[in-house]
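Summary of structural features
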Amino acid sequence: MRSGTQPLLGLLLLLSLQGSPLTEACSCAMTHPQDAFCSADIVIRAKVVGKKLLRDGHFGTMRYTVKQMKMYKGFEKVQHVQHIYTDASEGLCGVKFDINKYQYLITGRVYDGKVYTGLCNFNERWERLSLAQKKGINHRYQLGCNCRIKPCHNLPCFVTSKNECLWTDMLSHFGYPGYQSRHYACIQQKEGYCSWYRGMTSRDKTAINATDP
C-alpha cells in the first residue's frame, strides 16, 4: 500500500507547486562599498535613458539602456556600456532605475559580454554618495582590494590578520549604511598592513588603526 501511495503523493505535490505562484524573495548580505567595488567586474556612472522587458525566464529580464558618463572599472572587459541587464522581478533581486532622471553609480558582473546587476550589487544615485565614497570609487577603493573588511555583528570583535579592517557599522543604532561605509576606505599600508583611511579635506586626512572607529 505504501509503495502505491508514494508516487501519487509526489504527483499531487508537483501539481500543487505548478499551480501556485512562485514565492519571491531576495536576501542580500550587507556589503561595504569598497567590497562591492572590488568584487565587481564593471563600475560606471551613467544615466538610464530607456528600458525594455525581454521575455525570457519566468519573470523576464529588464534591459536598461544607459548613457555612460564615466567608467571606473572594467575597461578590459567592456569598452563602453550601452545596456544593463537585471531580473524584471525585485523579488528575484532585480533592480529598478528611474528613466531620464538621475545619474547612477552602477556596479555589476559581465557574462558573455553583457553587464548584469541586481539588488545585491552596489547601485546608488550619484548625488546620494558621500564625498569620501566618490573619492573611493575614483581611486581609493582600488588601493584596498587586497585588504579584507571584516564585519562585526556582535561584540567583542577582533582582527585576526594584518590585512583586515574591522567593520562595525552593524553595531551602530544609526543602521546601514553607517559611518564607516560612507566615510572610510580600508587601505593597504606599509608591510601589507591594512587600516581605515578617512580622506575628507586637506586639513582632515587621518589614517586610523584597524579598530577605529
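About the thresholds
Residues numbered from 1 in each chain as written. Predicted model: local features only at pLDDT ≥ 70, side-chain atom pairs only at ≥ 80, totals over all residues. Heavy atoms only, no water. Phe/Tyr/Trp six-rings, centres within 6.5 Å; stacked < 30°, edge-to-face > 60°. Helix = DSSP H or I, 4+ residues; strand = E, 2+ residues; numbered from the N terminus. Lys NZ or Arg CZ within 6 Å of the ring centre and 35° of its normal. Polar contact = N/O pair within 3.5 Å; in protein donor to acceptor, adjacent residues only side chain to side chain. Contact = heavy atoms within 4.5 Å. Salt bridge = Lys/Arg side-chain N within 4 Å of Asp/Glu carboxyl O. Buried < 20%, exposed > 50% of the residue type's maximum accessible area, 1.4 Å probe, protein only. UniProt positions renumbered as here; feature names shortened; annotations may be inferred. Pairing = 2+ DSSP bridges.

**Here's the deal with the packing of aromatic side chains**
Taken as a whole, this structure holds nine aromatic pairs when the rule is applied. Between Tyr-184 and Trp-196 the ring centres are 6.4 Å apart and the planes differ by 80°, which places this aromatic pair in the edge-to-face class. One end of the pair, Tyr-184, is in the loop between helix H4 (179–183) and strand S9 (185–188); the other, Trp-196, is in strand S10 (residues 194–199), with 12 residues separating them in the sequence. Within the aromatic cluster, the residues linked to one another by ring pairs are Tyr-64, Phe-97, Tyr-102 and Tyr-104. The side chain of Arg-45 reaches across the aromatic face of Trp-126, ending 4.9 Å from its centre.

**Side note on the side chain of Gln-34**
If you trace the backbone, Gln-34 turns up in helix H2 (residues 33–39). Engagement of the side chain of Gln-34 in a polar contact is seen with the backbone nitrogen of Cys-186, the distance being 2.8 Å. Once residues within four sequence positions are removed from consideration, Gln-34 is found in contact with Tyr-141, Gly-144, Cys-145, Ile-149, Ala-185 and Cys-186.

**Some details on the pattern of salt bridges**
As enumerated under the stated definition, the model contains four salt bridges in all. Where Arg-128 meets Glu-124, a salt bridge forms, and the shortest distance between an N and an O atom there is 3.8 Å. The class of Arg-128 is partly exposed, set by a relative accessible area of 45%. Note on Glu-124: relative accessible area 24%, which makes it partly exposed. Notably, a salt bridge pairs Arg-148 with Glu-164, separated by 2.7 Å at the nearest N-O pair.

**Thoughts on the UniProt feature "binding site: Zn(2+)" (unreviewed entry) in the chain**
UniProt records the feature "binding site: Zn(2+)" (unreviewed entry) at Cys-26, using the numbering of this structure. Setting aside anything within four residues of it in sequence, one finds Cys-26 in contact with Glu-90, Gly-91, Cys-93, Leu-119 and Cys-120.

**With respect to the pairing of strand S4 (residues 103–111)**
Each regular strand shows side chains that alternate between the opposite faces of the sheet. Here strand S1 (residues 42–54) runs beside S4; their pairing, made up of six bridges, is antiparallel. By the bridge assignment for S4, Ile-42 is matched with Gly-108. Here two bridges tie S4 to strand S6 (residues 124–125), and the two strands are oriented antiparallel to one another. Looking across to S6, one finds that Leu-105 is bridged to Glu-124. By the bridge criterion, three bridges tie S4 to strand S5 (residues 114–116) in an arrangement that is antiparallel. Considered in S5, the bridge of Val-110 is made with Val-115. Between S4 and S5, which follow one another and run antiparallel, lie two residues, and Asp-112 among them has a positive phi close to 50°.

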